[in-house]
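# Structural overview for review
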2 protein chains.
Amino acid sequence: MALKHSRQRDAVYNFLKDRKDHPTADTIYAGVRDEYPNISLGTVYRNLMVLRDTGKIRTVDVGDGVIHFDADTSEHNHFICTRCGRVEDLEMESIDRVKEIAATNFAGKITGYSAYFYGICESCLTEQKEETDRLNREQTTG
Amino acid sequence: MALKHSRQRDAVYNFLKDRKDHPTADTIYAGVRDEYPNISLGTVYRNLMVLRDTGKIRTVDVGDGVIHFDADTSEHNHFICTRCGRVEDLEMESIDRVKEIAATNFAGKITGYSAYFYGICESCLTEQKEETDRLNREQTTG
DNA sequence: TTTAATATCGATAACCGTTACTGTTATTAT
DNA sequence: ATAATAACAGTAACGGTTATCGATATTAAA
């Protein structure tokens, strides 16, 4: 089953490769339809899996029940905002140190890991602050 | 919607509370049916979610497409064997250190994290070794 | 440059874990 | 005891993902 070239697969990859958010299959499907209006959702899924299996992209499971996709296959972690659901890259120094720490006192062999950090993203923090300020103003003036 | 006591909910929790593997709803359903043959899968799911929402148990998403459940709500990480799918607890010293490292250079607010370590578990390592030894024997004697 | 082989396509049905609905039963408070 | 209602068993619906199928496009060979 040697791979053949396909324009649709290129389109899926090209859509993903410049993105820093981590879209789901649905978003990718909608995006690629701009260029290929007749592409089917199944084709998008199939090619995403092929791209993953060939190491071109990676899947990111953030625990919200849907698969996210990421063209950045380098070793990095993710941050998930519990307020807006946004998934951001999280650059982290001494990423190898974590593996070392985990390997201590473990009898098996650790080949990789993925960490998901949860919290409130910068823009949601700003929104929250603005909301608080507004309520404070209303309370003092009203 | 004040909670009422239910024997089925107790049974679900009791099944889970002494386990160190991290069973899925299916396994829990099968297990509880020993005691309550007429319990329905929906009841199991409903009570698992109630138990989670009340902080009695936690859900563990290891990326295999199904939800795992864990009665150990303390802060700890998990190891997933990529060979047999087993999910084990992974005790890890300086677990807070990881959060500190991640918080560096991040503008948002990190409230928690979960890390999943992948590799080959101890028993699979043993099996692999036995398999290798067997093949070596066959090669030298055949 | 035809021809043959087959990977990929679009369309859609099937799959499967999970959730929601419904009439009935069990638990709790009065 | 009785009333109020949370939880139940059973089952249908839901939604993301995967598999199937005949048609089409890509690649290699003639």
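Residues numbered from 1 in each chain as written. Chains lettered and ligands numbered in written order. Predicted model: local features only at pLDDT ≥ 70, side-chain atom pairs only at ≥ 80, totals over all residues. Heavy atoms only, no water.

After a rotation of 179 degrees and a shift along the axis of 0.1 Å, chain B superposes on chain A with an RMSD of 0.2 Å. Accordingly, the operation relating the two chain copies is best matched by a two-fold axis. Looking at the rotation axis and the C-alpha trace of chain B, the residue lying nearest is Ala-115 of chain B, at 2.0 Å. In this assembly the copies share their binding face: 100% of the residues contributing to the interface of chain B also contribute to that of chain A. (Least-squares fit on C-alpha atoms with pLDDT ≥ 70 in both. Contact = heavy atoms within 4.5 Å.)

Turning to the environment of Lys-99 of chain B, a few remarks are in order. As for its placement among the helices and strands, Lys-99 of chain B is situated in helix H4 (residues 95-103). Take Lys-99 of chain B: its relative accessible area is 21%, and that puts it in the partly exposed class. Setting aside residues no more than four positions away along its own chain, Lys-99 of chain B makes contact with Phe-117 of chain A together with Glu-75, Ile-110, Thr-111, Gly-112 and Tyr-113 of chain B. (Helix = DSSP H or I, 4+ residues; strand = E, 2+ residues; numbered from the N terminus. Buried < 20%, exposed > 50% of the residue type's maximum accessible area, 1.4 Å probe, protein only.)

Right, let's talk about the pairing of strand S2 (residues 67-70) of chain A for a bit. Residue and element names in this part refer to chain A. Note that strand S1 (residues 58-61) and S2 share 4 bridges and pair antiparallel. Each bridged residue has a counterpart across the sheet, and for Val-60 the counterpart in S2 is His-68. Between S1 and the antiparallel strand that follows it, S2, lie 5 residues; Gly-63 among them carries a positive phi value of about 90 degrees. (Pairing = 2+ DSSP bridges.)

This next bit is on the protein's contact with DNA strand D. His-5 and Tyr-45 of chain A together with Lys-4, Thr-43 and Arg-46 of chain B are the nearest of the 21 residues found near DNA strand D. Of what DNA strand D places within 4 Å of the protein, 81% of the atoms are sugar or phosphate. The contact in question runs from a base nitrogen of DNA strand D to an N or O atom on the side chain of Ser-40 of chain B, over 3.4 Å. Within the side chain of Arg-46 of chain B, one N or O atom sits 2.5 Å away from a phosphate oxygen of DNA strand D. Of all the secondary-structure elements, those providing two or more residues to the surface near DNA strand D are helix H3 (41-53) of chain A together with helix H1 (7-17) and helix H3 (41-53) of chain B. Taken together, the residues of the surface near DNA strand D break down into 9 nonpolar, 7 polar and 5 charged. (Near = heavy atom within 4 Å. Polar contact = N/O pair within 3.5 Å; in protein donor to acceptor, adjacent residues only side chain to side chain. Nonpolar A, V, L, I, M, F, W, Y, C, P; charged D, E, K, R; others polar.)

Turning our attention to the protein's contact with DNA strand C. Neighbouring DNA strand C are 21 residues, the closest being Lys-4, Thr-43 and Arg-46 of chain A together with His-5 and Tyr-45 of chain B. Contact between DNA strand C and Gln-8 of chain A: a sugar or linking oxygen at 3.0 Å from a side-chain N or O atom of the residue. In this structure, Ser-40 of chain A approaches DNA strand C through a side-chain N or O atom, which is 3.4 Å from a base nitrogen. Elements with a contribution of two residues or more to the surface near DNA strand C: helix H1 (7-17) and H3 of chain A together with H3 of chain B. Taken together, the residues of the surface near DNA strand C break down into 9 nonpolar, 7 polar and 5 charged.

With that settled, consider the pattern of salt bridges. Residues and elements named next belong to chain A. Within this structure, the stated rule accounts for 13 salt bridges over all chains. The salt bridge involving Arg-83 is made with Glu-127; its shortest N-O contact spans 3.3 Å. Taken together, the residues span a long stretch of sequence, with Arg-83 in the loop between strand S3 (77-81) and strand S4 (87-90) and Glu-127 in helix H5 (residues 122-141) at a distance of 44 residues. On the basis of relative accessibility, which here comes to 40%, the residue Arg-83 falls in the partly exposed class. (Salt bridge = Lys/Arg side-chain N within 4 Å of Asp/Glu carboxyl O.)

A few words now on the nonpolar core. Counting 30 residues, the largest nonpolar core has Met-92 and Phe-117 of chain A together with Met-92 and Phe-117 of chain B as its most contacted members. Contributions of two or more residues to this core are made by S3, helix H4 (95-103) and strand S5 (109-120) of chain A together with strand S3 (77-81), H4 and strand S5 (109-120) of chain B. Aside from chain neighbours lying at most four places away, what touches Phe-117 of chain A is Asn-77, His-78, Phe-79, Ile-80, Leu-90 and Met-92 of chain A together with Val-98, Lys-99, Ala-102, Ile-110, Gly-112 and Tyr-113 of chain B. (Core = buried A, V, L, I, M, F, W, Y, C linked by side-chain atoms within 4.5 Å.)

Another aspect to go through is the interface of chain B and chain A. Listed as interface residues are 32 residues of chain B and, on the opposing side, 32 residues of chain A. Together chain B and chain A conceal approximately 2,600 Å² of surface at their shared face, both sides included; 66% is due to carbon and sulfur atoms. Broken down residue by residue, the surface that chain B buries against chain A is led by Ile-101, Phe-106 and Phe-117 of chain B, which jointly contribute 19%. Remark: the boundary between chain B and chain A carries 8 residue pairs in polar contact (both at pLDDT 80 or more). Where the side of chain B that touches chain A is concerned, the elements lending two or more residues are strand S4 (87-90), H4, S5 and helix H5 (122-141) of chain B. (Buried area = accessible area lost by both parts, 1.4 Å probe.)

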